[in-house]
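These are the residues of each chain, in order.
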Amino acid sequence: MKIVNECIQKHLGELVSHPLFTEMKPNPDLSRALAFAEVLAPWVMTFQDITRINASLAKDPEIRATLATHAREDRGHQEWFLDDLDLIFGERVRDVRWLYDPALDVVREESLAIASEIFRVDDDRLRIVFVEALEAAAGAFIARVCRQAAESGDDGKLKYFGPVHAEAESGHEMFEDEERDEEVLPDDVRERALPMVGRIFGSFLRMADVAFAKQSAANA
Ligand SMILES: [Fe+2]
Ligand SMILES: [Fe+2]
């Protein structure tokens, strides 16, 4: 997995260099500090289905169990997200019509593009790589947004964008499997893993573009 992990780290470096993160400035008005949050809704919701289905599609019982544990550890985080939106932007109806607003088109498209990976893979080890790529991005994202929320004056009310989520993410059981990190992937599996990681991060970069546009407009 070493080469795959290096590939994930390389893409992660690119993602965290996105202006969404580098140009974040604390603001006591959370609806401005975290103005981008709403546009990520399709991804936050889709993530729940993707991780659950990815686990159910694994043929190897051990890999299926690892993936199911991961999906379970992330279950319900979409509720934290929706509660946070109420806190940040005020309570209002965020219904199906809202979720399919054209402003969220790109984020829905990229969420589906990421989802498509789990139906294409033909080797369970790629399902692990898939989740590792998602988790690397999620961990980096949540750590940065948490800092932004705290510096903007959040006093612990936020959950998805707060330390409770950062802790849950760093506590994923699958991160503790050092043996897997040392596992050597066959060449043909690795050859499929690297482009998949590239596609996933490509989707995250396009979501970051949308989020940054929203953030810039709200802080202009
Ligand atoms: Fe989560
Ligand atoms: Fe997670």
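Residues numbered from 1 in each chain as written. Chains lettered and ligands numbered in written order. Predicted model: local features only at pLDDT ≥ 70, side-chain atom pairs only at ≥ 80, totals over all residues. Heavy atoms only, no water.

A.B. asks: Summarise helix α9 (residues 124–151); cite the residues concerned and give the values.
C.D. replies: Compared with an ideal rise of 1.5 Å per residue, which puts 28 residues at 40 Å, α9 spans 41 Å between its outermost C-alpha atoms and is within 8% of the ideal. Most of α9 is tucked away: 21 of the 28 residues are buried. The N-cap residue of α9 is Asp123: its side-chain oxygen and the backbone nitrogen of Arg125 are 2.8 Å apart. Following α9 by one or two positions, Gly153 adopts a phi angle in the positive range, close to 110°. (Helix = DSSP H or I, 4+ residues; strand = E, 2+ residues; numbered from the N terminus. Expected span 1.5 Å × (residues − 1). Buried < 20%, exposed > 50% of the residue type's maximum accessible area, 1.4 Å probe, protein only. Polar contact = N/O pair within 3.5 Å; in protein donor to acceptor, adjacent residues only side chain to side chain.)

A.B. asks: I'd like to hear about the coordination of the iron ion (ligand 1), residue by residue, with values.
C.D. replies: Tetrahedral metal sites with four donors have an ideal angle of 109.5 degrees; octahedral sites with six donors have ideal angles of 90 or 180 degrees. Every protein donor of the iron ion (ligand 1) is listed here as Asp74 (OD), His77 (ND1), His165 (NE2) and Glu169 (OE), and their distances to the metal cover 2.0 to 2.2 Å. Geometry at the iron ion (ligand 1) is irregular, judged from its four donor atoms and the angles of 82 to 158° they form at the metal. Taking relative accessible area as the criterion, Asp74 reaches 3% and is therefore assigned buried. (Donors = N, O, S within 2.8 Å, 3.2 Å for Na, K, Ca; no water. Tetrahedral: all angles 85-135°; square planar, octahedral: opposite > 155°, others 65-115°.)

A.B. asks: Run through the packing of aromatic side chains, naming residues and quoting values.
C.D. replies: Aromatic rings in a pair are described by how distant their centres are and how their planes are angled relative to each other. Counted by the stated rule, this structure contains nine aromatic pairs. Geometrically, the ring pair formed by Phe36 and Phe141 is edge-to-face, given 6.2 Å between the ring centres and 85° between the ring planes. With Phe36 in the loop between α3 (30–33) and α4 (41–57) and Phe141 in helix α9, this pair connects stretches of sequence that are 105 residues apart. Per residue, the accessibility class of Phe36 equals that of Phe141, and both read buried. (Phe/Tyr/Trp six-rings, centres within 6.5 Å; stacked < 30°, edge-to-face > 60°.)

A.B. asks: Could you give an account of the coordination of the iron ion (ligand 2), naming the residues involved and the relevant values?
C.D. replies: Protein-derived coordination of the iron ion (ligand 2) comes from Asp74 (OD), Glu135 (OE), Glu135 (OE), Glu169 (OE) and His172 (NE2), at a distance range of 1.9 to 2.7 Å. On the primary sequence, the residues serving as donors to the iron ion (ligand 2) are separated as D-x60-E-x33-E-x2-H. The two metals, the iron ion (ligand 2) and the iron ion (ligand 1), are separated by 4.0 Å and share Asp74 as a common coordinating residue. Of the two residues, Asp74 is situated in helix α5 (residues 61–74) and His172 in the loop between α10 (163–170) and α11 (178–182); the sequence distance between them amounts to 98 residues.

A.B. asks: Could you give an account of empty space enclosed by the protein, with specific residues and numbers?
C.D. replies: In total, this model carries one cavity of 30 Å³ or more according to the counting rule given. Together, 23 residues line the largest cavity, and Trp43, Ala137, Ala138, Phe141 and Phe204 are the ones closest to its centre. If you list the elements that add at least two residues to the lining of the largest cavity, you get α2 (19–22), α4, α6 (77–89), α9, α10 and α12 (187–218). Among the elements that line the lining of the largest cavity, the one with the most residues is α9, at six residues. (1 Å grid on protein atoms, 1.4 Å probe; cavity = no way out; pocket = protein on both sides within 12 Å on 5 of 7 lines; lining within 4 Å. Points joined across faces, edges and corners; volume = space filled by probe spheres on them.)

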